[in-house]
Amino acid sequence: TQNEKCHLQTQMAPNLIHADSCFQKTRPLVALWGDSHASSLYPGLNYLQEKFELGLTQLTQAGCPPIFYLEKLKYSIRCNEINNNVFSGLVKTRPDIIILHAAWRHDDYPLSNEELGVRIKQTIAQIKIRLPDSKIILVGPVPRWNDSPQKEAFNYWKNSLKKTEAIPQYLNANVLKDVENTLIGVASDLGVNYLSSTDILCFDSKCLWRVGGGKEDFLAVDYGHLSRAGSIYLAEKLFPHLKIK
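Residues numbered from 1 in each chain as written. Predicted model: local features only at pLDDT ≥ 70, side-chain atom pairs only at ≥ 80, totals over all residues. Heavy atoms only, no water.

Asker: Residues and numbers for the sheet that holds strand β9 (residues 206-208), please.
Answerer: One open sheet holds the 3 strands; their spatial order is β6-β9-β8, and the pairing between them is antiparallel. Single-partner strands in this sheet number two, and they are β6 (170-172) and β8 (202-203). (Pairing = 2+ DSSP bridges. Helix = DSSP H or I, 4+ residues; strand = E, 2+ residues; numbered from the N terminus.)

Asker: Could you give me a rundown of the sheet that holds strand β7 (residues 193-195), with the residues and numbers involved?
Answerer: With parallel pairing, 6 strands are arranged side by side in an open sheet as β1-β3-β2-β4-β5-β7. Strand pairing shows two members of the sheet lacking a second neighbour, β1 (7-8) and β7, which therefore form its edges. Examined bridge by bridge, strand β2 (residues 29-34) and strand β4 (residues 97-101) share 5 bridges and lie parallel to one another. Among the inter-strand pairings, Val30 is bridged to a residue of β4, identified as Ile97.

Asker: Mind laying out the packing of helix α4 (residues 113-130) against helix α6 (residues 177-190), listing which residues take part and the relevant values?
Answerer: Two elements in contact, α4 and α6, have axes whose closest approach is 10 Å; the angle formed by their N-to-C orientations is 35°. Every pair of crossing elements has a handedness; the one defined by α4 and α6 is right-handed. For the pair α4 and α6, contact is made by Asn113, Leu116, Gly117, Ile120, Lys121, Ile124 and Lys128 and by Asp178, Val179, Thr182, Leu183, Val186, Asp189 and Leu190, respectively. Of the residues that constitute the contact of α4 with α6, the class distribution is 7 nonpolar, 3 polar and 4 charged. (Axes fitted to C-alpha atoms, helices over the stretch in contact; angles between N-to-C directions. Left-handed = near helix turned anticlockwise from the far one by under 90°. Contact = heavy atoms within 4.5 Å. Nonpolar A, V, L, I, M, F, W, Y, C, P; charged D, E, K, R; others polar.)

Asker: Any details on helix α5 (residues 149-159)? Residues and values, ideally.
Answerer: For α5, the full list of buried residues reads Pro149, Glu152 and Ala153. Within α5, the buried residues cover an arc of 100° as seen down the axis, which keeps them to one side. The inward-facing, buried residues of α5 contact β6. (Buried < 20%, exposed > 50% of the residue type's maximum accessible area, 1.4 Å probe, protein only. Arc of directions from axis to C-beta.)

Asker: Residue-level account of the state of the cysteines, with values.
Answerer: By the definition in use, this model includes 3 disulfides. The disulfide partner of Cys6 is Cys22, and the gap between their sulfur atoms is 2.1 Å. Around the S-S axis, the bridge from Cys6 to Cys22 shows a dihedral of about -100° and counts as left-handed. Within this pair, whereas Cys6 is found in the segment before β1, its partner Cys22 is found in the loop between β1 and β2, the two being separated by 16 residues in sequence. Overall, Cys6 belongs to the buried group, its relative accessible area being 0%. Note that Cys202 is cross-linked by a disulfide to Cys207, the S-S spacing being 2.1 Å. Because the sign of the S-S torsion sets the handedness, a value of about 100° for the bond joining Cys202 and Cys207 places this disulfide among the right-handed ones. Given a relative accessible area of 11%, Cys202 falls into the buried group. A residue is classified by how much of its surface remains accessible, and Cys207, at 0% relative accessible area, is buried. (Disulfide = S-S within 2.5 Å.)

If you want it as structure tokens, here you go:
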């Protein structure tokens, strides 16, 4: 995820600006803007980049969603400055597609659902004014696990009466339905594309805990950051909606 160049993990990065090398020139150009959850989607998009001819710009920063003028910040108190710098970079490079993704609900930037809706609307409105030709894609939150999908699977096995029984394909997770409904409303009101991660990864309140048979194929590495395998799986499912070929 190109730490401290295209993903700003700490507030020690020079000038809180993403490196010039992050801004690729290949067209069509896709820009990924968001927090560390967006950063965990980057490996999947990068995998697609290797299969299809497209440019990919990663502009992510830990603790900072792609939302302007946040009033309550805990981890990264300079998110507003960082996001203004990101936006300047986007205006300069004019990507064909801008993907907005984040945890959307996080203690780093506490927002009620109503505040979230208002802030995202304001942000998207600004993008549309300055970048009217850029397609905006809003990607909803991925499932939240109590600890991790690995731990959830282990607990299921530990509590199972039959230890030889296979662990189900889907296990309990929090799908943040209220947050998703807020984002769907914003996308509908503003006429932008909304892609649901939980529609792909979950069935009701149960979600895929692994996406393959390998030991690294758990969906996420912790409570909600996608693993490389999970990122590739989700990106491949989302890709048809990008309409890039």
